[in-house]
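Okay, here's what each chain looks like letter by letter:
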Amino acid sequence: KNENDFNLYNEFKLLLRIAAPTVLLQFSIFFCFTETASSVGLHLGTQALAGYSLASLCGNMTCLSVIMGVLSASETLSPRAYGIGDYTEVGRLAIRGYMGSLLFLAPILVVLMKPKWSDFLLEGVFGQHPIPSELASSWLQ
């Protein structure tokens, strides 16, 4: 049998072995938010659940999207540098991605950490109800 023959079953097993830990990790991260939301709603009520959901949405939409966006740029360049054996460049790209994330997140975090500013954004700009907005801004701190 030729080594270059394609075997779908073997390729699927190899892909599953590589991808399974990542898929499990992503599901566990997703269920962490869901479990917290159900606990907040069950024990603290609907207003607290609305505040938690709003805080989670703001945190995910701003912080995680910025981090993933900046690190995606690093992720596209790092395998190329690794493939050609330029390990110093891989490290440089990782540091640039990390520092870029911090640089882009700094103004966002300043706004989210100030209760008056986040209240203004949530109530005034986005038109949310005052009580969940206040709870969301306190949870975002």
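Rules used in this analysis
- Residues numbered from 1 in each chain as written.
- Predicted model: local features only at pLDDT ≥ 70, side-chain atom pairs only at ≥ 80, totals over all residues.
- Heavy atoms only, no water.
- Helix = DSSP H or I, 4+ residues; strand = E, 2+ residues; numbered from the N terminus.
- Rg over C-alpha atoms; globule rule 2.2 N^0.38 Å.
- Buried < 20%, exposed > 50% of the residue type's maximum accessible area, 1.4 Å probe, protein only.
- Areas by Shrake-Rupley, 256 points an atom, 1.4 Å probe, with all protein chains shown as cover.
- Core = buried A, V, L, I, M, F, W, Y, C linked by side-chain atoms within 4.5 Å.
- Contact = heavy atoms within 4.5 Å.
- Salt bridge = Lys/Arg side-chain N within 4 Å of Asp/Glu carboxyl O.
- Expected span 1.5 Å × (residues − 1).
- Polar contact = N/O pair within 3.5 Å; in protein donor to acceptor, adjacent residues only side chain to side chain.
- Patch = residues over 30% accessible without salt bridge, like charges linked within 9 Å, V, L, I, M, F, W, Y side chains within 5 Å.
- Phe/Tyr/Trp six-rings, centres within 6.5 Å; stacked < 30°, edge-to-face > 60°.

Colleague: Go over the overall build of the chain with me, naming the residues and quoting the values.
Modeller: A tally of helices and strands in the chain yields five helices and zero strands. Secondary structure of the chain in N-to-C order comes out as α-α-α-α-α. Relative to a compact globule of 141 residues, whose C-alpha radius of gyration would be 14 Å, the chain shows 21 Å and is clearly more extended. The principal-axis extents of the C-alpha atoms in the chain amount to approximately 70 × 35 × 20 Å. Burial analysis of the chain (141 residues in total) assigns 22% to the buried set. Counting only carbon and sulfur atoms, one obtains 69% of the accessible surface of the chain, whose full area is about 10500 Å².

Colleague: Kindly report on the nonpolar core, identifying the contributing residues and their values.
Modeller: Core analysis: the biggest nonpolar cluster contains 10 residues, these being Leu54, Ala55, Cys58, Cys63, Val66, Val70, Leu105, Leu112, Ala136 and Leu140. Among the elements that line this core, the one with the most residues is helix α2 (residues 46–83), at six residues. With residues near it in sequence (within four places) discarded, Leu105 still touches Cys63, Val66 and Ile67.

Colleague: I'd like a rundown of the environment of Gly97, residues and numbers included.
Modeller: Within the secondary structure layout, Gly97 lies in helix α3 (residues 87–113). For Gly97, a relative accessible area of 4% gives the class buried. Separated by 30 residues in sequence, Gly97 and Ile67 place their C-alpha atoms 8.7 Å apart.

Colleague: Which residues make up the pattern of salt bridges, and what values do they have?
Modeller: Tallying each qualifying case throughout the model produces two salt bridges. With a shortest N-O distance of 2.6 Å, Glu89 and Arg92 are connected by a salt bridge. Note that Glu89 and Arg92 are positioned in helix α3 at a spacing of three residues, about one turn of the helix. Judged by relative accessible area, Glu89 falls into the buried class, the value being 19%. For Arg92, a relative accessible area of 39% gives the class partly exposed. Across the salt bridge formed by Glu89 and Arg96, the nearest N and O atoms sit 3.7 Å from each other. Taken together, the shared-partner salt bridges in this structure form one network comprising Glu89, Arg92 and Arg96.

Colleague: How would you sum up helix α1 (residues 8–44)? Please name residues and give values.
Modeller: With 37 residues, α1 should cover 54 Å at 1.5 Å per step; its first-to-last C-alpha distance of 51 Å lies within 8% of that length. For α1, the capping residue at the N-terminal end is Asn7, with a side-chain oxygen 3.2 Å from the backbone nitrogen of Tyr9. Gly45, located one to two residues past α1, shows a positive phi value of around 105 degrees.

Colleague: Would you mind going over a nonpolar patch on the surface in detail, with residue names and values included?
Modeller: On the surface, a nonpolar cluster with roughly 410 Å² of combined accessible area is contributed by Val23, Phe27, Phe30 and Phe31. Turning to its location among the elements, Phe31 is positioned in helix α1.

Colleague: Explain the packing of aromatic side chains to me, using residue names and the numbers behind them.
Modeller: Within the structure shown, the criterion is met by three aromatic pairs. Ring plane angle 20 degrees and centroid distance 6.1 Å describe the contact between Phe27 and Phe31, whose orientation is recorded as stacked. Of this pair, Phe27 and Phe31 both sit in helix α1, four residues apart, roughly one helical turn. Connected via pairs of aromatic rings, a cluster forms that spans Phe27, Phe30 and Phe31.

None of this, on its own, says anything about what the molecule does.
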